[in-house]
There are 2 protein chains.
Amino acid sequence: MYPKSLRNLIDNFRRLPGVGEKTAERYALSAADMDPAEIENFAASLLDVKDHLRHCEICGNLSDEDECDICKDESRDHQTIFVVESSRDIIAMEKTGDYHGVYHVLNGLISTSKGVLPEDLNIDQLVRRADGSKEIILATSATRDGEITAMYLEKLLHQKYPDLLITRIAHGLPAGGMLDYADEMTLSHALSDRKSME
Amino acid sequence: MYPKSLRNLIDNFRRLPGVGEKTAERYALSAADMDPAEIENFAASLLDVKDHLRHCEICGNLSDEDECDICKDESRDHQTIFVVESSRDIIAMEKTGDYHGVYHVLNGLISTSKGVLPEDLNIDQLVRRADGSKEIILATSATRDGEITAMYLEKLLHQKYPDLLITRIAHGLPAGGMLDYADEMTLSHALSDRKSME
């Protein structure tokens, strides 16, 4: 029904997560309305990501160079490693401005339902980096897969480095969260992880 | 915070309608995960739209050629013209399979709030095409701008071709629509446009 060039572009937009036919149509028609220079820039930015974006050799974070800006930053504490699922989590954490150590990106979580095994993740490199570190902060999500991955890593790292401090980020009521809207799991964590107000 | 190549791609996705920072990040990260061939295909489809997509010289519909497939189709009734706001409306109408005439795309609606004047739309060409036509079906949206545009076109066409049949698509309760969920305007139209059941 659509001209071939537009149909192809719609199909490409449909490859993006959560984009159905209607949304892809809207995107493609809006791209068709862009200035030639804008649409060229869009296409070039896709090719640029393909050609230059890679995973940092040290931590697995996305980077345009072999080593990411955080790993290259000598002012950070390289003996504290904050372990996350993806590069997006690093962005979220960096926005807080509260963390000054380095990161390690697993590129996924162990998942029985999705068939993701420990060997599919960036774990060997974490074990190597943990040698000589002070603290490993396990910051995978508070989901089933996130908890399983954290437990697996704790066991693995503890076996190899019995004296290494391994921590897990806190679970509890989110900022602004109301008790009567929180689910049972959140409330259960909020209760068991309560701390003295002194 | 993001590598430069990824930041550029995020900014490009943000140009799409309704796409904010979070969604653009998700799209860009998903594009970064694509195979090189897939991402090249995506970039090529953007450039293809830039190079080949244009408006049909006759009706204003989007087309890869000077004349669109519908205008080229000799089996259709070229004396009945269905006037719509955009090419998307043509797709929607063609899906019904009920219409066998041709179309005319205005590329917008007259709008005082958005400052769109009649001369900004594909109206002169409609007036030319109306010469020798049997019927002009005004199918702009049932919104304020859609009604104003329909009224403007009716007056313009009637002045020039007093004998031309000019119709407006029906307004009323949508299929599956329940009376107690319908707004006042819809109910008011449904009442005034009621027809005999004989």
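Everything discussed here concerns the structure shown above.
Below you will find a few notes about this structure. In this text, all values refer to a predicted model and were calculated from it rather than measured experimentally. (Residues numbered from 1 in each chain as written. Chains lettered and ligands numbered in written order. Predicted model: local features only at pLDDT ≥ 70, side-chain atom pairs only at ≥ 80, totals over all residues. Heavy atoms only, no water.)

A few points about the packing of helix α1 (residues 4-14) of chain B against helix α2 (residues 21-32) of chain B
Working note: a packed helix pair is described by the angle between its axes plus the distance between those axes. Residue and element names in this part refer to chain B. Here α1 crosses α2 at 125°, and the two axes come no closer than 8 Å. One way to sum up the angle between α1 and α2 is to call them oblique. Considering only the axes of α1 and α2, their crossing is right-handed. Contacts between α1 and α2 involve Leu6, Arg7, Leu9, Ile10, Phe13 and Arg14 from the first element and Glu21, Ala24, Glu25, Tyr27, Ala28, Leu29, Ala31 and Ala32 from the second. (Axes fitted to C-alpha atoms, helices over the stretch in contact; angles between N-to-C directions. Helix = DSSP H or I, 4+ residues; strand = E, 2+ residues; numbered from the N terminus. Parallel < 35°, antiparallel > 145°, perpendicular 65-115°, else oblique. Left-handed = near helix turned anticlockwise from the far one by under 90°. Contact = heavy atoms within 4.5 Å.)

Points about unusual backbone geometry
All names here are of chain A. The backbone of Asn107 sits at a positive phi, close to 60°, despite the residue not being glycine. With respect to the helices and strands, the residue Asn107 is situated in the loop between β4 (101-105) and α6 (124-130). Its relative accessible area of 40% is what places Asn107 among the partly exposed residues. (Buried < 20%, exposed > 50% of the residue type's maximum accessible area, 1.4 Å probe, protein only.)

Some details on the sheet that holds strand β3 (residues 77-84) of chain B
Two pairing modes exist for strands in a sheet, parallel and antiparallel, and in both the strands are linked by backbone hydrogen bonds. Residues and elements named next belong to chain B. One open sheet holds the 4 strands; their spatial order is β4-β3-β5-β6, and the pairing between them is parallel. The open sheet has two free edges, formed respectively by β4 (101-105) and β6 (165-168), since each of these has just one partner strand. Strand-to-strand, the axes of this sheet are offset by a mean angle of 25°, without reference to chain direction. Of the strands in this sheet, β3 and β4 touch helix α5 (residues 87-96), which is tilted by about 155° from β4. Contacts from helix α7 (residues 144-160) reach β3, β5 (135-138) and β6, with the element oriented near 175° to β6. (Pairing = 2+ DSSP bridges.)

Some thoughts on the sheet that holds strand β6 (residues 165-168) of chain A
All names here are of chain A. Judged by pairing direction, the sheet is parallel, and its 4 strands sit side by side in the order β4-β3-β5-β6 without closing on themselves. Of all strands in the sheet, those with a lone pairing partner are β4 and β6, marking the two edges. Between one strand axis and the next, the sheet turns through 25° on average, direction left out of account. Taken strand by strand, helix α5 (residues 87-96) contacts β3 (77-84) and β4, and its axis lies near 155° from that of β4. Docked against the sheet, helix α7 (residues 144-160) engages β3, β5 (135-138) and β6, running at close to 175° with respect to β6.

Shape is all these values report; function is a separate question.
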